[in-house]
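Per-entry structural report
Here is what each chain is made of, one letter per residue.
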Amino acid sequence: MLLQRECLDYVAAMTLAVPSELRPPQRLLCGPGPTNVEPRALAAMQQPMLGHLDPDFHDLLLEVVAMLRAAYRASAGLVLPLQATGTSGMEAGIANLLEPGDTAIVGVSGFFGRRIVEIARRHDVHVVEVEADWGEHVPNASILDALERHPDARLVAVVHAETSTGVEHPLAELGSALRDRDTLLLADCVTSLGGVELDFDAWGIDFAYSCTQKCLGAPPGMSPVAVSERALERLRARQSPVPFSLDLLLLERYWVQRPVVYHHTAPILHIYALHEALRAVLDEGLQQRWERHAAAGGLVQKRLRDDGFELLADPDYQLAPLTAVRVPEGIDGKSTQARMLREHGIEIGGGLGPAAPPMWRIGLMGPNATPETAERVVSALDAVLSADPAVAAAR
Ligand SMILES: Cc1ncc(COP(=O)(O)O)c(C=O)c1O
């Protein structure tokens, strides 16, 4: 009896608890991602919904693939966006290109290199880690040394743009060093695609994955991947099956081959947004877009240095879209972030994971990669800090 009464109370409470209409506040998203969505990509999500098996929709899929090829500069092999975020792109690379018992060499100098190691181990891969301190890049010479010691390694993995530190890996150089070897090259391009120079074909990359919510300026939810011909050969020859939802050869049958073969219900509106975001990338031009990100990142970095802040990344390998700033001694970094959000409507990031030194992470990506946004973030940070009595003493 009591139980029934409790049940009724619960249902009544549920009825009363219907929240008011969704009205999220306006934010300027200048953390490590997501960034604000390109207005034209957001508008595309209002277009009429199609079914995932509608032939008109299938033409659109091919356009997305063609535009992604242009963005990655990947003319051959397979290119498509996974219905998942960057992490699943990472897992798809490991799961498709490696089999249990294979050896992989992974460069680790931050949170996301560490995540590649963790995912590879969960797939029973033997991982050889090559480490560098946070703020440094893993020297290619150290990676090649590891390859000399483990010539059976099937894959080398690095993070092109390590968002946890703001460091860019010299990926072109690594690609050319691996060119005549059987070892495949996997690159995390989550924070580089559409914002930093990247040339899948010319640099000899075998598997790249990215996201939609950073330099492409679309909402989070998809992970564009590019796979080289030789990586596809490896995939076709594998002995053990790939997890169904990440199986690139099955996904190819929906995204690229015709007639389509159903694999999963595609996220139609996200694909519209990605389609429009990619049109924006190509309208602007890749080179111009890289230059815009470089200019905005360079400006924020200069302003911060002029204000006496220390940046985490080795200046020779500083990434443009993401700047990691050391929190000065005596300043509460988290409360600064909270005040930036509350008082200025600006989101910036903090350190990621237990190994991170105290830092703020400022991202200028997609539509936010502008000098105006760079100035706005630095002014807001100055305003927050100068209103803090602890700061005057500390700086
Ligand atoms: C370099 C890098 N790799 C992987 C990821 C994971 O992407 P997601 O959060 O979209 O799963 C991120 C996310 O910020 C990232 O910055």
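In what follows, the structure referred to is the one given above.
All of the points below concern the structure found in this document. (Residues numbered from 1 in each chain as written. Predicted model: local features only at pLDDT ≥ 70, side-chain atom pairs only at ≥ 80, totals over all residues. Heavy atoms only, no water.)

**Digging into helix 14 (residues 371–386)**
Compared with an ideal rise of 1.5 Å per residue, which puts 16 residues at 22 Å, helix 14 spans 22 Å between its outermost C-alpha atoms and is within 8% of the ideal. Three or more residues of helix 14 are buried, namely Thr 373, Ala 374, Val 377, Val 378, Ala 380, Leu 381, Val 384 and Leu 385. The arc enclosing the buried residues of helix 14, seen along the axis, measures out at 160°, which places them on a common side. With respect to the buried face of helix 14, the exposed residues turned more than 90 degrees away are Glu 372 and Ser 386. (Helix = DSSP H or I, 4+ residues; strand = E, 2+ residues; numbered from the N terminus. Expected span 1.5 Å × (residues − 1). Buried < 20%, exposed > 50% of the residue type's maximum accessible area, 1.4 Å probe, protein only. Arc of directions from axis to C-beta.)

**Some words on the packing of helix 11 (residues 268–284) against helix 12 (residues 286–306)**
One way to put it is that helix 11 packs onto helix 12 with a least axis distance of 6 Å and a crossing angle of 95°. Relative to helix 12, the element helix 11 is oriented roughly perpendicular. The segment helix 11 lies against helix 12, with Ala 280, Val 281 and Glu 284 engaging Leu 286, Gln 288, Arg 289 and Arg 292. Partitioned by chemical class, the residues of the contact of helix 11 with helix 12 number 3 nonpolar, 1 polar and 3 charged. (Axes fitted to C-alpha atoms, helices over the stretch in contact; angles between N-to-C directions. Parallel < 35°, antiparallel > 145°, perpendicular 65-115°, else oblique. Contact = heavy atoms within 4.5 Å. Nonpolar A, V, L, I, M, F, W, Y, C, P; charged D, E, K, R; others polar.)

**Overview of the pattern of salt bridges**
If charged atoms from side chains of opposite charge come close, those side chains can pair. Inspection of the entire model under this criterion finds 19 salt bridges. The salt bridge partner of Glu 276 is Arg 40, with a shortest N-O separation of 2.7 Å. Of this pair, Glu 276 sits in helix 11 while Arg 40 sits in helix 2 (residues 39–44); the two residues are 236 residues apart in sequence, bridging distant segments of the chain. What makes Glu 276 buried here is its relative accessible area of 14%. A salt bridge links Asp 199 to Arg 73, with the nearest nitrogen and oxygen atoms 3.7 Å apart. One end of the pair, Asp 199, is in the loop between strand 8 (184–188) and helix 8 (200–203); the other, Arg 73, is in the loop between helix 3 (55–72) and strand 2 (78–82), with 126 residues separating them in the sequence. (Salt bridge = Lys/Arg side-chain N within 4 Å of Asp/Glu carboxyl O.)

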